[in-house]
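Architecture and fold: a report
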There are 2 protein chains.
Amino acid sequence: MSTFQKLQLFSLTTVAAFLVAPLQAADPLPSWNDGTTKQSIVDFVNKVTEEGSGDFVPVAERIAVFDNDGTLWSENPLPFQVIFAAAEIKRLLPEHPEWNDNAAVQAFIKSDVAALTANHNKGLLEVLALTHAGMSTDAYDQRVKDWLATAEHPRWKKPYSQCVYQPMIELLEYLRANDFQTWIVSGGGLSFMRVLSEQTYGIPPQQVIGSHGQATFEMKDGVPTLTKTLETVFVDDKAGKPAGIYQFIGRRPIAAFGNSDGDQAMLEYTTIDNPRPSFGMIIHHTDAEREYAYDAKPKSSGKLITALEAAPTHGWTVVDMKKDWETVLAE
Amino acid sequence: MSTFQKLQLFSLTTVAAFLVAPLQAADPLPSWNDGTTKQSIVDFVNKVTEEGSGDFVPVAERIAVFDNDGTLWSENPLPFQVIFAAAEIKRLLPEHPEWNDNAAVQAFIKSDVAALTANHNKGLLEVLALTHAGMSTDAYDQRVKDWLATAEHPRWKKPYSQCVYQPMIELLEYLRANDFQTWIVSGGGLSFMRVLSEQTYGIPPQQVIGSHGQATFEMKDGVPTLTKTLETVFVDDKAGKPAGIYQFIGRRPIAAFGNSDGDQAMLEYTTIDNPRPSFGMIIHHTDAEREYAYDAKPKSSGKLITALEAAPTHGWTVVDMKKDWETVLAE
């Protein structure tokens, strides 16, 4: 080999080493502290993606489902969609003097939860009807966009779309890098979440499952028009989550991530008696300093009692936010 | 350049030519006869996939929606799901002597369409309830699989899953090769179609939209169990198609394919006032020899009057099955 050839070989090897080294060293989950929690995720992903192993899961079946409120983004001081509804009521009130005599609106303005939730949430549904139905789907999307562009979280003083958990963003990307399809399965509004899911989480609208009323379609002055309604409302919470997964995906997930008893049925459906290897995870909010600390008695949503009790039995990993997350909010 | 170098260059060029040539020459739609119909598809795909052009559509927005009955597979002599329901009634009758006194079942057995469709399809819904609800989703899937594995089309003497249109199978593959996401949007049953959509059409269950009742979930003796019901039935036909697209996809398609007036709203939603370039196509069943010929007065489903009239106004391509398809059924 000539000196020139040797030099060539050396430089090629060096370039190759530089190219490969960062890939090997890079930690896909840098905001997760090392420990059994983080390891349980990595072990599961390695197991189901190892070709030839008995635990290998074909790409088409790598479905991972995520709750949204309290799992991907914060749900405090109130679920963000409720804050949006309140802002909408305030914004629209001057055009609607009749709302001054509307008991539901008044209860909502006074945060009178008892009044709103009486008679099977009659008041809350009325406020939802005023702010989430009766307009075209395009008009609704624009309202959510306008609110997201201007509203600020009262504590963190930044847009709500930035009040998302950095470790979960990394987890979504890590799973997708391993050919998982990532889905949102949330009690939140389907249309509401879709406005931000793609940009915020990298999850396209067709991979969002949420509560919704049936939209109606008509040609209006020659223009195709979809109108939001609260007809045949589907509530994507508790047993509604596996039902929603069946309806929208039609395939059993192999990984589920939640933070409340509302996610328990989804975790059970994903991990119990599943012929494929499966993974369940509960985010336990233990960090009052960096985020919020709550479980059995949350100030707003996110009650976590029975799912936490069931976790050891079913092998669900419980994230101790304070201990397991090096970073909480995304920058 | 030395002779050796010239030879090297020559052989590289030759190899490159061989590598490239088949790609250029291969016709992705061999079962479509050359002509304006086929050309309209190719022109549209070329247009929206040409980077830098004003008509370019980003991959995420390349959504194509297909009706199923009469568009991807035959709907004669009866929609195949109706034939399945009849087979199920026959199979289960010995276990259900009470069905001998059931007016709906008797009307179904006698093909008494008037009796079945009276009172807003009361009889038909009753037969559907007996054959499509009340069992676990797994048990239902197995029943459809068993039927598909044994039943034969009365005319073509082969499984119903093979009574699909070869040109449409090629079209699905061609669109996917150009990074389209292909969806079924059909009046047929959601669960019914999902049993065969992946293997038959290459369309995974989560890209199927169809008529459905709300499934329910419960833990039954410790086993997660989904049960099919006919509660809050969603009919994915006519104006229900754009509504279903909004609900499941949340994004406007840029290409729609149908064969009946039931697809007109979906074609309108896709092609009228769409900020993106769009494509609409109607399969006109004109070939009694190789398949069936029908439009205004179909023997079973697939009435096509108003959508055919509207086609020229909206620039929808109309497929003349007899003229445009070199092959009809897939082998």
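Residues numbered from 1 in each chain as written. Chains lettered and ligands numbered in written order. Predicted model: local features only at pLDDT ≥ 70, side-chain atom pairs only at ≥ 80, totals over all residues. Heavy atoms only, no water.

**What to know about unusual backbone geometry**
- Geometrically, the link from Asn-76 of chain A to Pro-77 of chain A is a cis peptide bond, its omega value of 5° lying close to zero.
- If you trace the backbone, Pro-77 of chain A turns up in the loop between strand 1 (63–66) and helix 3 (80–92).
- Positive phi values are uncommon outside glycine, yet Asp-179 of chain A reaches one of about 65°.
- For Asp-179 of chain A, the position within the fold is in the loop between helix 7 (166–177) and strand 2 (181–189).
- Of note, Thr-232 of chain B is a non-glycine position whose phi angle comes to about 35°, a positive value.
- Mapped onto the fold, Thr-232 of chain B is located in the loop between strand 5 (223–227) and helix 9 (240–248). (Helix = DSSP H or I, 4+ residues; strand = E, 2+ residues; numbered from the N terminus.)

**What to know about helix 11 (residues 306–314) of chain B**
Residues and elements named next belong to chain B.
- Looking only at helix 11, the buried set comprises Ala-307, Ala-310 and Ala-311. Viewed along the axis of helix 11, the buried residues span an arc of 130°, placing them on a single side of the element. In helix 11, the exposed positions angled more than 90 degrees off the buried face are occupied by Glu-309, Pro-312 and Thr-313.
- Looking at the buried residues of helix 11, the elements they touch are helix 10 (264–271), strand 7 (279–286) and strand 9 (317–320).
- Where helix 11 terminates, the next one or two residues include Gly-315, which has phi positive at roughly 70°. (Buried < 20%, exposed > 50% of the residue type's maximum accessible area, 1.4 Å probe, protein only. Arc of directions from axis to C-beta. Contact = heavy atoms within 4.5 Å.)

**Thoughts on the pairing of strand 1 (residues 63–66) of chain B**
Residue and element names in this part refer to chain B.
- Every second residue of strand 1 is oriented toward a common face, with Ile-63 and Val-65 on one face and Ala-64 and Phe-66 on the other, all of them buried.
- Judged from the 4 bridges that link them, strand 1 and strand 2 (residues 181–189) form a sheet pairing that is parallel. Across the sheet, Ala-64 pairs through a bridge with Thr-182, a residue of strand 2.
- With 3 bridges joining them, strand 1 and strand 6 (residues 255–258) adopt parallel strand pairing. Bridge pairing in strand 6 places Val-65 opposite Ala-256. (Pairing = 2+ DSSP bridges.)

**Side note on the relation of the copies chain B and chain A**
- Expressed as a screw transformation, the operator carrying chain B onto chain A has a rotation angle of 180° and an axial translation of 0.0 Å, and the superposed copies differ by an RMSD of 0.0 Å. Both copies of the chain, as the preceding transformation shows, are related through a two-fold rotation axis.
- Of the residues that chain B buries at the interface, 100% are likewise interface residues in chain A, meaning the two copies contact each other through the same surface. (Least-squares fit on C-alpha atoms with pLDDT ≥ 70 in both.)

**Quick word on the pattern of salt bridges**
- Tallied over the full model, the rule gives 24 salt bridges over all chains.
- Measuring nitrogen to oxygen at the nearest pair gives 3.7 Å for the salt bridge that ties Lys-238 of chain A to Asp-237 of chain A.
- The class for Lys-238 of chain A is exposed, based on a relative accessible area of 51%.
- Note on Asp-237 of chain A: relative accessible area 28%, which makes it partly exposed.
- Asp-287 of chain B is paired through a salt bridge with Arg-290 of chain B; the nearest N and O atoms lie 2.6 Å apart.
- We classify Asp-287 of chain B as buried; its relative accessible area is 3%.
- Using a relative accessible area of 30% as the deciding quantity, one classes Arg-290 of chain B as partly exposed.
- Residues joined in a network through salt bridges with shared partners are Asp-27, Asp-34 and Lys-38 of chain A. (Salt bridge = Lys/Arg side-chain N within 4 Å of Asp/Glu carboxyl O.)

**A look at the side chain of Arg-194 of chain A**
- For Arg-194 of chain A, the location among the structural elements is in helix 8 (residues 190–201).
- The buried charged residue Arg-194 of chain A lacks any salt bridge, with Asp-141 of chain A as its nearest oppositely charged partner at 8.3 Å.
- Residue contacts for Arg-194 of chain A: discarding those within four places in its chain leaves Pro-205, Val-208 and Phe-248 of chain A together with Tyr-246, Gln-247, Phe-248, Ile-249 and Gly-250 of chain B. (Lys, Arg positive; Asp, Glu negative; His and termini not counted.)

**Section: the domain arrangement of chain A**
Residue and element names in this part refer to chain A.
- If you check the domain split of chain A, you get domain 1 (28–75 + 159–324) and domain 2 (80–150).
- A C-alpha centroid distance of 26 Å is found between domain 1 and domain 2.
- Surface buried jointly by domain 1 and domain 2 totals about 1600 Å² across both partners, of which 77% is contributed by carbon and sulfur atoms.
- For the interface between domain 1 and domain 2, the tally reads 0 salt bridges.
- Counting across the domain 1 and domain 2 interface gives 4 residue pairs in polar contact (both at pLDDT 80 or more).
- For the side of domain 1 that touches domain 2, the secondary-structure elements that each account for two or more residues are strand 2, helix 8 and strand 5 (223–227).
- In terms of residues, the side of domain 1 that touches domain 2 owes the most to one element, helix 8, which gives 4 residues.
- Of the residues assigned to the side of domain 1 that touches domain 2, the class counts are 9 nonpolar, 8 polar and 1 charged. (Domains from an automatic or database assignment. Buried area = accessible area lost by both parts, 1.4 Å probe. Polar contact = N/O pair within 3.5 Å; in protein donor to acceptor, adjacent residues only side chain to side chain. Nonpolar A, V, L, I, M, F, W, Y, C, P; charged D, E, K, R; others polar.)

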